[in-house]
Structures are given as structure tokens and as C-alpha cells.
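For reference, the chains in residue letters:
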Amino acid sequence: MLSDTDYGGNACGTRRPKKRSSGESPGDEQSLRASGRQLNVRVKRSNNPPPGQSKRKATETEEEDEQSEKKYRKCEKAGCSAIYPVCFASASERCAKNGYTSRWYHLSCGEHFCNECFDHYYRSHKDGYETFASWKKVWTTNGKSEPSLKAFMADQQLPFWVQCTKPDCRKWRQLTKEIQLTASLAATYRCGMKFNNIKNDGPDQCSQPEDMRVAEVTNSWWHAMLILPPLFKDSPASPFLVAYYPDCVGMSPSGSLSTVTKAELRADHCRAVQPQIPGLCPYFQPFYQPNECGKALCVRPDMMELDELYEFPEFSRDPTMYLALRNLILASWNSNCTEVLTLEKCAQHIIIRGLVRVCCVQEMDRVLHFMTRKGLINTGVLAVKQPLLPERYGTKNVIVIGAGASGLAAAKQLQNFGTQMGIKMHKLGERCDLFQKGGVTTDPAIDKRMDFHFNAILDVVSEWRKDKSQHQDTPLGEKVQEVKKNFLQESGIQFSELEEKVLQFHLSNLEYACGSTLDQVSARSWDHNEFFAQFSGDHTLLTQGYSVLLHKLADGLDIRTKCPVQAIDYSGDVVKVTSTNGSQWTAHKVLVTVPLTLLQKNMIHFNPPLPERKLKAIHSLGAGIIEKIAVQFPCRFWDKKIQGADYFGHIPPNPDKRGMFSVFYDMDPQGKQAVLMSVISGNSVTTVQDMEDKEVLEECMKVLQELFKEQEVPEPLGFFVTRWSTDLWAQMSYSFVKTGGSGEAYDILAEDVQGKLFFAGEATNRHFPQTVTGAYLSGVREASKMTAM
């Protein structure tokens, strides 16, 4: 419950039984106490008063002093700077204005209302009572905090404040009571602006001085003197957060109702309601819904995270203002992430009455910079005309080694400190028919049954590892075979030849996911990242490929090619980087984003050597290898057979062929292009390493001709085979945890060294390893880290 004293704690606290607070019902006792303050008066006495005049003169002096003190009354709030309060409400005909009242009610330093206006709304026989009662009903229906009369005054009666948009003015002005603030008005307001088509022919209003109360708002103590937390109206976050009590997430319960009735939410406010926002991509869900967890890059809209509390400790007592600002920013960014989100764009959506709006706009600047630095907003490929962060964040130069997804992301972020480019993603369906030798389609029931057994084997492995230490680890391949053998012996079940082949297909997919044969992968930590929140939503295909994104990220960056780095000396105040051709560069900070293999093979010499802890982590991870082949055909010969599926599987004819073109992906589903891409994984990678590209194509064509035996497979127009394993500057695809290793190695790789040497790449992202997404996010992470230091 929010009391009429200083607000403290979360507005979402449990309700206490209602009782009259000293701020809501000035009764007879208060009136007596107020008038009783005049009893101890100083009486002037003459030395020898005439007989009979002493009593009369004492009485006159007492009345004069009482009338003098009745001209005004100070705010009783301890620490309030208002010596002569003024009532902003002017609701009662007997409003005290700037005169005497039996009690002043404090909302902030500079905003008070008198006892007469309190009675106007609070007393049932007064004219304003129905207005207050109607508001109270809406507030109680929608919100969770106490619908006090002070909350009503703050939410409904305080005047709005707006800032002049002229760059050379920027003064704050108080709007008259009848004018409602809107985002449009806030974005266009100029001093002296007239409304209702009334022209302003007077002098330049920007020359008029700013209200002195505005200057007080900039002082740190002003926020601490607020009686109630700020709750925004019509926040952009509102459509995202219909499942929450609005006052728990920084919004006013008196705002517009959502399509989901608040009565339903109060009865069942923990159910997850997915917001349907017109024009919003369904993959952008920045907030957790109630009782929901396990979604990557989501935040709890009703509480601050640890790094937020560390950055803004002043909001730890009551986070309402911070939550209101942060939620507004996140919603605004996710509603339009193609343009830079600025203070001006956000500030116009801060709709709240009173001087606290001035405070919120000032704090918005800090929150916006923090979230930009953190990489939650203003990230990706943006047209940035000026740095996104203040000058103090960009005083030191940085060298980024490596121009993959992580290096480009970090460099772009650092330059932008200072996404979506209209590139469409295709939603992938779940159907994947499995074709056998001769082109026979496998019975889906068999596939489903073997998929169940495959996952059951992995579940047993998960149970086995619960009490196992790192030293008790074993290869995943061995453990899978052991569990399978025990299951068949204990159950008496025998897999048919086809069922065995289908199981081999599923094992090849596991090797594709790990980027390695299973005899090298840790049975204890093979899926270590599954314990962290992962991305939600559908599986999609970036139809134009990642190169489009990478080229966009590279635009405008100073990229030096053909100068491989061979040494990094970070022993001095600055870091010295030396290339194989003798070129040297120096910087205050260096970000290393080279693939894990290059670090394992010591292709870069570090001086001093990297810490032993980091070297051990580097070698406890494996450098996984997979290869791919893409083939372009003159026509989509597979359409009729796969019937609109986005991919189809190939059951290996024997275990030795496991991983050789196990899945074929349609690279232009439901389109005109005829391109199939397939994956080579596990031991099959070693097989193709000794083959020419044309030989790999011939093997691929044999498989397709076998799978589509009932028709002619046309000769390809072109093809491409990856060679990650032999690429001098890659030598791998993505990392995995080797037997005896741990997922903690990813975190250790991500640690900086002496605040001068930083590391990024998929092998430094424990949450999203083995992915381009993980590499990209690691670059954003390091850009934030380097900027903050």
C-alpha cells in the first residue's frame, strides 16, 4: 500500500486494511491542534499599566499576533523548502490560494494543496466527492496501490509541465489546468504557444524566466521528497504489459483500459498474456509475462536487474520511476528498431502531471545511455549521425582483431556509441520427411518412436551426470551407447534394421549440433547452455544469408585486410599490436575476436602470456567442424515429393555414412530459386576433407538421385562447398565442451585481462555458443564493457 508519507518499497506490495491516515482525514483533533499552536503567545506589557487596561491590552496583542501568523502556514513535511506554499488545485470556492489553511498537503517540494481543496473532494457532501469516487473506482479496479486522495490529486489535478523545443531555449513551462499534455504537444511545444487557433502576437515568450521551482528539481534531494512514485499515462509499454498491474510497472491505473479486462487480470494476474501489437514482429518480446521465464534478452518489467541496481542504487528503495522509464524505452525501441532512439523521442511519451515530469526527463537521459551501452537498444545497423553516448565514453581508441560477426558487432557498436534492414525471415515448418534408399518415405510413426528413444537416452545421460564431478566425465558417444545397450538388455526390445538407421539419423543431427564426433564431446556438459534462458519463437531462415547482415555491419568501418596479427604486447600503458608484415598499431584497449583454434595454436603471441586460468579454458573447449554444400538447380524438382516442407532428411544406409548429407534445406522455400543446401557432420567431415569440391558434388548428386529415384534429377547450374577446416583464418566452425571440460570455460574466455585485453566470439558466450547470434551478442557485450571501463 502506498501511504501518504514518503513512498518506499514496491507499489506491488500486499494490501493492508484501510485506515485513516493523517494525510486524508483532518478531524476535530487536527483542527484543535492547528489552532492550538497560537496559545503560547508573547504578550507585551507596560511597566505600569493603568488600572483596568492590562487585561484589554493583553487581549488585543494576542489577537494581533494570531492574525499575523494566520496569514500563512508552512508545509509540515520535514525538509520541505516551501515556506509559503501555494495551492495548485483551486478546487474549492474557499481555496486558500497562497494564504492561510489549517493544513498543507505535500506532494513535492513546490506542489501543495490546501485543506479546503482536500475537503472539496474528500467529504461526501462536497461537490468534488463524486469525481474522486469515480476515479477511485477505476483505480481500484485496475491497480494495486492505495487510491488515496493524494494519489488522485497527483494523477488528476496537478498541472502538466512541458519543455520548449527550441534548441536555444529548452525552458520548462507549466500548462494551464485545462490543457492536456499529449506526445504530439510535447514534441512540438514552444514557449507562449496558443491553443484553439489563437495566435500569439506578443513578445518572444522564450525570454521569460523559468519558474524557480524547476531549478530545485535538479537537486538530488528533490526526488527523495516525493510523496508518491511517478506513474505514466499512455506509455508505449502499456500494450506489452496488459497482464501486469499497471502501477507495478510504472504506469497509472487510471489510464486507458486494454482489451483484456482488468477484473480478469486481478482474478488471475499471473497468467501469461502475449500482447498483440499491430505492426510488431512477433519475435520481439522484450518483457517477461507473469509466471514466464527462460526467454533470452527479456527483462522483468516489475523489478530491476542486478546490473541496473548497481548502476542506479538510488532507485533500490523504490524502483517505480526507473521501471517506468526503462519499460518505456524498451517498448519504444521494440516498436521501431530501425531508427536511433533518442531522448527527444522518448521524452515526448512521458505523460505525467506535476514537476516530477521534469525529473523523469532528466533521469531518462541516464537510463537511455545505460541501455544503449548495455546493447539492449540502439544496436545493429543504424544510420548514426552523431555518437550515441556522451563524449566521456569515447575518449580512448580501440583495436578490434577479427572481422567476423563478433568483431563487426563490437566495432559497429563502438563507432555508433554511435536493425532491422527490411530483410525477411522465413518461418520454418516442423515437418521433415525421412527418405530411405530408393526414395521410400519412412513411416512417421517409426520416426516418432525412434525420436522418443533417442531423447530418452539423453534423459538418462542427464540423470547420470547430476552427481558427477568434472573428473568423472566421459565421452558422450560412449555414454549414449552404454545407455542404449542397457536399455535393450533390460527391456528385451530389439530395434529393427530401419529403426537402427533412423536412430543413426538422429545421432548425426546431434553431431551437427555439437560440431564434432560424439567421442570427443563431454557427456557431462554437452548441452551446458540449455540451463540458460534461450530465444523463444519460431525457427526461421534468413533467406538472403548472414553475409547481408555482415556487410551492413561493415559499412563505414575502418577495416584493414591482408595484415594478420602475430603479436599483442599489453605490458605497458597502451597495447601494441604487430602484424606479420611489420605494421604496428597502438591503442588503449584491444578486442580479440579470432576463432578458438587460432588461440589454441598460439597463432598470436601475447606479452605477457595469457593467464594460466584463461589458457586452461582455451584448451578445455573443442574446435568443432562441420561443412556445407549448396547446389543450384534449373528447377525445383523436389517440390512435388516434399509437398511444401522446408527441408527433408536422408537416412544413412549404414553407420559409416552417418552425417553425409543427412538433411537438405530448401534455401528459397515457396520461392522461385532452386537451391538445396546440405550439411556434412561427424566422421563424414574427415571423408570430404580429402575430396575435391567436384567429388563432393558428385557424392551429393548420388544421394539426391537415390532419394528421387522416380524422377530425373537435373544437372546443377552451380555449387559451393565450404572449407572451414582448411580456411587459414578459421580452421573450425564452432566450439563445444570436450570431455573433462566445463561450460565455465566460456565465461573464463570472456574475462578481460588487466582492463586492456578483451575477448569476444561464440566461444566466449556461454549462453549462446555455436551460433552467429552468440558471436554478435558477445561483440555488443564487449563494446559495452570497454565503454564502461
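Predicted model only: the values in this text are computed from it and were never measured. (Residues numbered from 1 in each chain as written. Predicted model: local features only at pLDDT ≥ 70, side-chain atom pairs only at ≥ 80, totals over all residues. Heavy atoms only, no water.)

### Considerations on the overall build of the protein chain
Rules: Counting from the N terminus, the helices are DSSP H or I runs at least four residues long and the strands are E runs at least two residues long. Exposure classes here rest on a 1.4 Å probe applied to the protein chains alone. A residue is buried below 20% of its type maximum, exposed above 50%, and partly exposed in between. All accessible-area figures derive from a Shrake-Rupley calculation using a 1.4 Å probe, and residue coverage is judged against the displayed protein chains alone.
When its secondary structure is counted, the protein chain shows 25 helices and 21 strands. Counting across all 789 residues of the protein chain, residues that qualify as buried make up 49%. Surface exposure of the protein chain reaches about 39400 Å², of which carbon and sulfur atoms provide 50%.

### Details of the packing of aromatic side chains
Geometry of an aromatic ring pair is reported as the spacing of the ring centres plus the angle between the planes. Going by this rule: Aromatic pairing here means that ring centres of Phe, Tyr or Trp (its six-membered ring) are within 6.5 Å. Orientation follows from the plane angle: under 30 degrees is stacked, over 60 is edge-to-face, and everything else is tilted.
Under the definition given, this model contains 27 aromatic pairs. Consider the rings of Phe-312 and Tyr-322, whose centres lie 5.0 Å apart with planes at 40 degrees: the pair is tilted. Placement of Phe-312 in the loop between α10 (306-311) and α11 (320-335) and of Tyr-322 in helix α11 is noted, with a sequence separation of 10 residues between them. The same class applies to Phe-312 and to Tyr-322, which are both buried. Note on Phe-435 and Phe-648: the rings are 5.6 Å apart at their centroids and 45 degrees apart in plane angle, and the pair reads as tilted. Within this pair, whereas Phe-435 is found in strand β7 (residues 434-435), its partner Phe-648 is found in strand β16 (residues 647-650), the two being separated by 213 residues in sequence.

### Some points on the sheet that holds strand β11 (residues 584-587)
How we decide: What makes two strands pair is DSSP finding at least two bridges between them. As a rule, the C-alpha atoms of each element are fitted with a line to give its axis, helices using only the stretch in contact, and angles between N-to-C directions run from 0 to 180 degrees.
Read from one edge to the other, the open sheet built from four strands follows the order β11-β10-β9-β13, with strand pairing classed as mixed. At either margin of the open sheet sits one strand with a lone partner, and together these are β11 and β13 (605-607). For this sheet the average axis-to-axis angle between neighbouring strands, irrespective of direction, equals 15 degrees.

### Some details on the pairing of strand β15 (residues 627-632)
In β15, alternate side chains face the same way, and those of Glu-627, Ile-629 and Val-631 are buried while those of Lys-628, Ala-630 and Gln-632 on the opposite face are not. The sheet contact formed by β15 and strand β18 (residues 675-680) spans six bridges and is antiparallel. Of the residues in β18, the one forming a bridge with Ile-629 is Ser-678. Direction of pairing for β15 relative to strand β19 (residues 718-721): antiparallel, over a ladder of four bridges. In the sheet register, Val-631 faces β19, and the bridge partner there is Phe-719.

### Let's talk about the state of the cysteines
Rule in force here: Only a pair of cysteine sulfur atoms within 2.5 Å qualifies as a disulfide here.
By the definition in use, this model includes zero disulfides. This cysteine, Cys-95, is not joined by any disulfide, and Cys-87 carries the nearest cysteine sulfur, 3.6 Å off.

### With respect to the pairing of strand β17 (residues 660-666)
Most of β17 is tucked away: six of the seven residues are buried. Bridge count between β16 and β17: three bridges; the pairing is antiparallel. Looking at β17, one finds that Tyr-647 is bridged to Tyr-665. Pairing between β17 and β18: four bridges, direction antiparallel. Within β18, the position partnered with Phe-664 by the bridge is Ser-678.

### Observations regarding a nonpolar patch on the surface
Filter applied, for reference: Patch definition: residues above 30% relative accessible area lacking any salt bridge, with like charges linked at up to 9 Å and the nonpolar side chains Val, Leu, Ile, Met, Phe, Trp and Tyr linked at up to 5 Å. By convention in these notes, a salt bridge is any Lys or Arg side-chain nitrogen within 4 Å of a carboxyl oxygen on Asp or Glu.
Residues Tyr-72, Ile-83 and Tyr-84 make up a contiguous nonpolar surface patch of about 330 Å² in total accessible area. Its location among the elements puts Ile-83 in the loop between α2 (54-69) and β1 (104-108).

### Here we look at the packing of helix α16 (residues 476-491) against helix α17 (residues 497-514)
Rule in force here: By definition in this entry, angles of less than 35 degrees are roughly parallel, angles greater than 145 are roughly antiparallel, angles of 65 to 115 are roughly perpendicular, and the rest are oblique. Note on convention: the crossing is left-handed when the near helix lies turned anticlockwise from the far helix by less than a right angle, right-handed when the turn is clockwise. The contact definition used throughout considers only heavy atoms, calling two residues in contact when any of these lie within 4.5 Å. Note that Gly is not counted as nonpolar here; it falls among the polar residues with everything else outside the nonpolar set of Ala, Val, Leu, Ile, Met, Phe, Trp, Tyr, Cys and Pro and the charged set of Asp, Glu, Lys and Arg.
Following both chains from N to C, one finds α16 and α17 inclined at 150 degrees, their axes separated by 13 Å at the closest point. Classified by the angle between their axes, α16 and α17 sit roughly antiparallel to one another. Judged by the twist between their axes, the crossing of α16 over α17 is right-handed. Along the contact surface, α16 presents Leu-476, Val-480, Gln-481 and Lys-484, while α17 presents Glu-500, Leu-503, Leu-507 and Leu-510. When its residues are assigned to classes, the contact of α16 with α17 shows five nonpolar, one polar and two charged.

### Regarding the sheet that holds β19
Spatially, six strands are ordered β7-β16-β17-β18-β15-β19 in an open sheet, and the strand pairing comes out mixed. With one partner strand each, in any of the chains shown, β7 and β19 form the two edges of the open sheet.

### Considering the nonpolar core
Note the cut-off: What makes a nonpolar core is a set of buried Ala, Val, Leu, Ile, Met, Phe, Trp, Tyr and Cys residues whose side-chain atoms join them at distances within 4.5 Å.
Ranked by size, the top nonpolar core spans 59 residues in total, and within it Ile-568, Val-592, Phe-606, Phe-633 and Leu-757 carry the most contacts. For this core, the element with the most residues is helix α23 (residues 693-707), which contributes seven residues. Core analysis: the next-biggest nonpolar cluster, separate from the first, contains 53 residues, Phe-232, Leu-241, Trp-333 and Val-361 among them.

### A closer look at the environment of Glu-497
Within the secondary structure layout, Glu-497 lies in helix α17. In the structure, Glu-497 is positioned 157 residues away from Asn-654 in sequence and 9.8 Å away in space, judged by C-alpha atoms.

### Observations concerning the environment of Ala-187
If you trace the backbone, Ala-187 turns up in helix α6 (residues 183-188). When residues no more than four places from it in sequence are discounted, the contact partners of Ala-187 are Thr-165 and Gln-348.

### Description of α23
How we decide: One less than the residue count of a helix, multiplied by 1.5 Å, gives the span that helix is expected to have. Taking the helix axis as origin, the arc is that swept by the directions to the C-beta atoms.
Here α23 is 15 residues long and its end C-alpha atoms lie 21 Å apart, about the 21 Å a rise of 1.5 Å per residue gives. When we look at burial in α23, the residues that qualify are Val-696, Leu-697, Cys-700, Met-701, Val-703, Leu-704 and Leu-707. Buried residues of α23 fall within an arc of 160 degrees about the axis and therefore sit on the same side. Those residues of α23 that are exposed and aimed more than 90 degrees away from the buried face are Lys-694 and Lys-702.

### Considering the confidence of the model for the protein chain
Selection rule: A residue's pLDDT is the predictor's confidence in that residue, given on a scale from 0 to 100.
Averaged over all residues, the pLDDT of the protein chain equals 82, while 81% of them reach at least 70. Segment residues 1-55: pLDDT under 50, and 90 contacts once partners within four positions in sequence are set aside and those in other chains are kept. Scored below 50 in pLDDT, residues 257-273 shows 33 contacts in the model against residues more than four places distant or in partner chains.

### What about helix α15 (residues 444-464)?
For α15, with 21 residues, the first-to-last C-alpha span of 30 Å sits near the 30 Å given by 1.5 Å per residue. Residues of α15 that are buried: Ile-446, Asp-447, Met-450, His-453, Phe-454, Ile-457, Leu-458, Val-461 and Trp-464. The buried side chains of α15 occupy one side of the element, clustering within an arc of 135 degrees when seen end-on. The exposed set on the far side of α15, more than 90 degrees from its buried face, consists of Pro-444, Lys-448 and Phe-452. Structurally, α15 contributes buried residues whose contacts are with β7, α16 and α17.

### Overview of the packing of helix α4 (residues 129-142) against helix α5 (residues 149-157)
Following both chains from N to C, one finds α4 and α5 inclined at 95 degrees, their axes separated by 11 Å at the closest point. Viewed along their axes, α4 and α5 adopt a mutual orientation that is roughly perpendicular. On the side of α4, the interface is formed by Thr-131, Phe-132, Trp-135 and Trp-139, while α5 contributes Leu-149, Ala-151, Phe-152, Asp-155 and Gln-156. Residue composition of the contact of α4 with α5, by class: six nonpolar, two polar and one charged.

### Observations regarding the side chain of Ser-678
Residue position: Ser-678 is located in strand β18. Non-local contacts of Ser-678, meaning those with residues more than four positions away in its chain, are made with Glu-627, Lys-628, Ile-629, Phe-661, Ser-662, Val-663 and Phe-664.

### What to know about the pattern of salt bridges
Throughout the structure, instances matching the rule amount to 29 salt bridges. One continuous salt-bridge network, built from bridges that share partners, spans Glu-314, Glu-363 and Arg-366.

### Focus: the environment of Thr-597
With respect to the helices and strands, Thr-597 occurs in helix α19 (residues 596-600). With a relative accessible area of 4%, Thr-597 lands in the buried category. Taking the C-alpha atoms as reference, Thr-597 lies 8.4 Å from Gly-622; in sequence the two are 25 residues apart. Setting aside anything within four residues of it in sequence, one finds Thr-597 in contact with Ala-623, Ala-730, Gln-731 and Met-732.

### Some thoughts on unusual backbone geometry
Note the cis peptide between Asn-607 and Pro-608, where omega equals -5 degrees. Of note, Pro-608 is situated in the loop between β13 and α20 (612-620). You will see that Gln-643, though not glycine, has its phi angle at about 55 degrees, which is positive. Structurally, Gln-643 can be placed in the loop between α21 (639-642) and β16. On the basis of relative accessibility, which here comes to 60%, the residue Gln-643 falls in the exposed class. Phi at Phe-661 is positive, roughly 55 degrees, even though this residue is not glycine. Within the secondary structure, Phe-661 is located in strand β17.

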